[in-house]
Amino acid sequence: MPHTRTAPAPVSPLVTVARGGPVPVTAPEPVAASEPETAPARLPNGDPMLVTRVRPPGPPAAAFLRRDRLLDRLDAAVLRPVTLVNGPAGAGKTLLVADWLARGRLPGPVGWLTLEPSDNQPGTFWAYVREALQTGVAALPEEVGAPARAEHVEPSLLIRLAAWINAQPEPLVLVLDECEHLDNLRLAEQLHDLVRHTAGRLRLVLVGRSEPLLPLHRYRTAGELAEVRAADLALDRAETAAVLARHGLRVGASTARAVHRTVSGWAAGVRLLALAAQDADDPEAYLGRIDAGPDALADFLLAEVLRTQPAPTQDLLLRCSFLGRVHPDLADALTGRRDGRRILERLHQENAFTEALPDGWYRLHPMFAGILRLHLRAAAPDRIDGLRVRAARWLADHGQYRAALDHAAAAGAWERAARLLVDEFALGELVAGRDAPRLCALFAGMPPTEHAPAAELVRAAVHLAHDEAATALRILEHVEPRLPADGTAFQLAAAFVRTGAARLLGSAPLADRAARRARELERRAPADLADRHPELLTLIAADLGSALLWHGRLDEACRALDRAARAPVSPTTARLRHDALCRLALIDYLRGRPGRAERRVREADEEADRSSLPPDSRTGVRHLVLAATALERDEVAEARETLHRMTTGGAPEHDPVVTLGSSVIRAKLHLAQGRPDTALRLLEETRRHALADRPSDWSRERLAVTACAAHLVAGRPQAAVAVLDDVPIRAPDSVVIAARARLAAGRDEEGTLTELRALCDDPEVGSATRTRALLLLAQAEAEHDGPVSTRLLTRALVTAEPERLCRPFRESAPWVRRRLRRLPRLASAHSWLPGDLRPQGPGPDPGRAADGEPAPPTEPLTEREREILLCAARLLSTQEIADELFLSPNTVKTHLKSVNRKLLTANRRDAVRTAARLRLLDGP
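All of these numbers come straight from a predicted model, not from anything done at the bench.

Re the overall build of the chain
Each helix and strand in the chain was counted, giving 47 helices and nine strands. For the chain, the proportion of its 924 residues judged to be buried stands at 58%. Of the contacts made within the chain by residues no fewer than 6 positions apart, 71% connect residues no fewer than 24 positions apart. For the chain, the accessible surface area stands at approximately 37100 Å², while carbon and sulfur atoms represent 52% of it.

Okay, structure coming up:
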């Protein structure tokens, strides 16, 4: 949003430092206000002032000394993959590289990133690198992706980034300034991987005080490293004299030599001496008296420089010292005057440790700012919090809510900090944002005595982020009467907390009411809400869909989850889109469509890969679906391994859908292994303990029909029927299991068969459910009408074949074996069935047509599956395929399983051979 200029409020002066002792600052006559600047850009997760970090510093001050000998060094250095510009604070590293970018011979376009301590997490670092390349080089394609979490980045994202760099028409330069902040070994390994994968197309320039954790010795040995070290950066005698002269100090050769000897060519030391000497009665004599070590010299001279500044300048510097970056208007807000632009520009022109940044911002040299903060704490420690609050107010008014929030919290102004989060419609970032852990930790420090409405809403959201739904609801019920009725941000925040709690508690009515209220409020919300904070409305839709799913309202759940899955692409919605797609896949499975469910999971995996979601933040619903579909194909070991990965992959999900689904699939695994009583005990434990406080008719139905199946496996048909008493049976797959129990118990045969025939003819019934219904009908008709039974069995086999649904036939194994012995031609035509269910003897090989040629795929291969097969044909490993196609290994494995299912093959070698014989790998 554009800056709006208002008259700064008057403030009482701080005490400043002067040679004659402390004096109060008097406000000078205000100067005319300049045109406001546009607000700096932000990263997708809302980080402020991005533009000042992804562009090099502005033109140097008039006193800046251009060093052609070092520019020539950099021209030659950048021909190698890695250039290190390393030296102490004040050596002139940043300005040297910035000057080289303006005047040197560059091999290609340049991306610049000034690093900060907060960038020391992989996700945050690579998000900023991505933005730096977009700003300085070219727009990155959407498929490269962006990290969704601060602490993680998927290797596939870096591979896609490397591929994009390699595809550029000329090499590109990436400058990382202040790289001493990067001390994360994993991040250094990732940066090394990028250098390795780009093979010289990326020219990395590392500027910092200390050596990065990269394998510099390896680069050095391979001739891939160029170095500009402290000795190179040091001023020689001629340069020392030139710097003094540029500050108006014409001194003799002996004085220049003395200065050079005293500071050992340290550029900042020479500048400090020059600035301090400018105010001396006899500059040359002053320079001749200085004799101290570098550290003591720095502290002394910085204090000297501060003392030589006019009182208004001292006051401004002290008030702004806690800011990383300062805008002239922000400085005016802190001083109560209107001289910020003039003072900051003068300091920059005088090269007085003030650096001009893009878009009108300035930065104090870190060494200078540190001394200023010490003076501020000594002079006015009780004023620091007030200054932070003023800064927070200005930053919030100018679209910098993240920085405003941090300053308000640091000042202990919790009501203001919470209000910023609520007014910005950013409460969802506590749950879904890339910065969620840090924000939750920040507000964990909010004292319990803070009861303002915004603070209570934030407190409730923090509890929600920790899956403490009951506590979040109690806080909400306590504060809701105090929320402003016409406050859209407050009311939408309350609706968000309520839908999130409803999901965890399994309450569809509660979620439904809150979501309807949210849709009403959405019409009153800012028009750009979906662009600024898409996670808020996406969370509400996803939570509503999950709550509706818990109650078996599948059509409504689909609509809500589809809204979440189609949310705007953003790091804050990445996990939500992935979760929504996986829950839609679960609904596909529940409707008897395992093939569609697997395809949806593959889509979710590719979404997660693009967003670099870490494995432990991906929903457990994914594993549930893959385990369930594997079991439908009678791949018991695969299903068991997938469930094991879910239980060991990360923190447990406090979600009733996941809890129920995990118990039901584990029970079905026990049934597949012939342990019905173990399955029954697991289901009873789930009913009595895990879901006792949040039951629904749908959950009762899922538990009951699974228990019914267990009793049937144990040979107890009467118990199987009894377990369904007083349980509503609505889902088609539940109807089939209930029908099987009634037929086994000899109850209501005619009514049951009519029910089954209706299911078989219903086009909305999925393949797995229809297969089981056809098999039951075939068994029932076998005693009365053999040809009808055969036709029904044939229909069941044809229905199951495309997805290789072996489990329904395994459940009726004795009858299927007997029947297929009498129908050898039918058995031979369906060699995809397990061998123990078909008569033994000569017959066509699995996956082959009657003439010995491979059978065509049961459904067409997707383009991605074809790409993976082509890689497999080159004998690439799973990891190598993942690297080449910019996917995760798990996504590759999922696609290969789908290929084997479609081609009726058992492994990738057979799949490649079959695809080659079918000419599926030929070019278009």
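Quick word on the sheet that holds strand β7 (residues 225-228)
Sheet architecture is open: five strands sit in the order β4-β5-β6-β3-β7, paired in parallel fashion. Edge positions in the sheet fall to β4 (110-114) and β7, since each of these pairs with one other strand and no more. Averaged over all pairs of adjacent strands, the angle between their axes in this sheet comes to 15°, without regard to strand direction. Looking at chain direction, strand β3 (residues 82-86) and β7 are connected through four bridges and run parallel. Across the sheet, the residue bridging to V82 is L225, located in β7. Across the sheet, helix α3 (residues 122-136) is in contact with β4 and β5 (172-177); its angle to β4 comes to roughly 140°.

Some thoughts on a negative patch on the surface
Negative charge collects at one region of the surface, where D748, E749, E750 and E783 lie side by side. If you trace the backbone, D748 turns up in the loop between α37 (732-745) and α38 (749-761).

Concerning the pattern of salt bridges
On inspection of all chains with the given rule, the structure shows 69 salt bridges. The partner of R610 in a salt bridge is E607, with the nearest N and O atoms 3.1 Å apart. Here R610 and its partner E607 are both found in helix α30 (residues 594-610), three residues apart, which amounts to about one turn of the helix. Judged by relative accessible area, R610 falls into the partly exposed class, the value being 31%. For E607, a relative accessible area of 10% corresponds to the buried category. Each of R402, D406, E429, D435 and R438 takes part in one network of salt bridges that share partners.

Quick word on the nonpolar core
Counting 174 residues, the largest nonpolar core has L427, L430 and F443 as its most contacted members. With near-sequence residues (within four places) excluded, L430 lies in contact with L421, A436, L439, C440, F443, V458, A461, V462 and A465. Counting 37 residues, the second-largest nonpolar core is a separate cluster that includes L113, L133, I165 and L206.

Topic: the side chain of R804
Here R804 shows up in the loop between α40 (786-800) and α41 (807-811). Of note is the side chain of R804, whose polar atom sits 3.3 Å from the backbone oxygen of T905. If we skip the residues at most four places from it in the chain, R804 touches E632, R633, W832, N900, R901, L904 and T905.

Observations concerning helix α25 (residues 508-522)
Between its first and last C-alpha atoms α25 spans 20 Å; for 15 residues at 1.5 Å apiece the expected length is 21 Å, and the two agree. Those residues of α25 lying buried are A508, L510, A511, D512, A514, A515, A518 and L521. Buried residues along α25 sit against α23 (469-479), α24 (488-505) and α27 (534-550). Where α25 begins, one side-chain oxygen reaches toward the backbone nitrogen of L510, 3.3 Å away; that side chain belongs to S507.

Details of the packing of helix α19 (residues 414-423) against helix α22 (residues 453-465)
Between two packed helices, what matters for the description is the angle formed by their axes and the separation of those axes. Across the interface, α19 lies against α22 with an axial gap of 8 Å and an inter-helix angle of 70°. Considering the angle they form, α19 stands roughly perpendicular to α22. Residues A418, R419, L421 and V422 of α19 form the contact with α22, whose participating residues are A454, A455, L457 and V458. Partitioning the contact of α19 with α22 into residue classes produces seven nonpolar, no polar and one charged.

Focus on the packing of aromatic side chains
Overall, the coordinates contain five aromatic pairs when judged by the stated rule. An angle of 80° between the planes, with centres 4.9 Å apart, marks the rings of F125 and W126 as edge-to-face. Here the two residues F125 and W126 agree in accessibility, since each one is buried. Between the aromatic rings of W550 and W698, the centroid separation amounts to 6.2 Å while the plane-to-plane angle is 75°, which identifies the pairing as edge-to-face.

Topic: the environment of V625
Among the secondary structure elements, V625 is positioned in helix α31 (residues 620-632). Along the chain, V625 and I665 lie 40 residues apart, while their C-alpha atoms are 9.3 Å from each other. Sequence-distant contacts of V625, that is, excluding residues within four places in its chain, are made with C582, A585, L586, A597 and V601.

Examining the pairing of β3
The buried fraction of β3 is high, at five of five residues. Side chains V82, L84 and N86 of β3 all project onto a buried face; the interleaved residues T83 and V85 project onto the opposite face, where all are buried too.

Remarks on the pairing of β5
With six of six residues buried, β5 is to be regarded as a mostly interior element. Burial along β5 is two-sided: the residues L172, L174 and L176 and V173, V175 and D177 are all buried. Bridging between β4 and β5 involves five bridges; their strand directions are parallel. Counted as the bridge partner of W112 is V175 from β5. Strand direction decides the pairing type here: β5 and strand β6 (residues 202-208), joined by six bridges, are parallel.

Description of the environment of H260
Tracing the backbone shows H260 in helix α9 (residues 253-263). Those residues within four positions of H260 in sequence are excluded, and the remaining contacts are L235, D236, R237, T240 and G265.

Description of the confidence of the model for the chain
Looking at the chain as a whole, its pLDDT mean stands at 85, while 89% of the residues score no less than 70. Segment residues 1-7: pLDDT under 50, and 19 contacts once partners within four positions in sequence are set aside and those in other chains are kept. Contacts from residues 18-46, a stretch scored under 50 in pLDDT, to residues over four places away or in other chains number 71 contacts.

What counts and how
Residues numbered from 1 in each chain as written. Predicted model: local features only at pLDDT ≥ 70, side-chain atom pairs only at ≥ 80, totals over all residues. Heavy atoms only, no water. Helix = DSSP H or I, 4+ residues; strand = E, 2+ residues; numbered from the N terminus. Buried < 20%, exposed > 50% of the residue type's maximum accessible area, 1.4 Å probe, protein only. Contact = heavy atoms within 4.5 Å. Areas by Shrake-Rupley, 256 points an atom, 1.4 Å probe, with all protein chains shown as cover. Pairing = 2+ DSSP bridges. Axes fitted to C-alpha atoms, helices over the stretch in contact; angles between N-to-C directions. Patch = residues over 30% accessible without salt bridge, like charges linked within 9 Å, V, L, I, M, F, W, Y side chains within 5 Å. Salt bridge = Lys/Arg side-chain N within 4 Å of Asp/Glu carboxyl O. Lys, Arg positive; Asp, Glu negative; His and termini not counted. Charge placed at Lys NZ, Arg CZ, Asp CG, Glu CD. Core = buried A, V, L, I, M, F, W, Y, C linked by side-chain atoms within 4.5 Å. Polar contact = N/O pair within 3.5 Å; in protein donor to acceptor, adjacent residues only side chain to side chain. Expected span 1.5 Å × (residues − 1). Parallel < 35°, antiparallel > 145°, perpendicular 65-115°, else oblique. Nonpolar A, V, L, I, M, F, W, Y, C, P; charged D, E, K, R; others polar. Phe/Tyr/Trp six-rings, centres within 6.5 Å; stacked < 30°, edge-to-face > 60°. pLDDT = per-residue confidence, 0-100.

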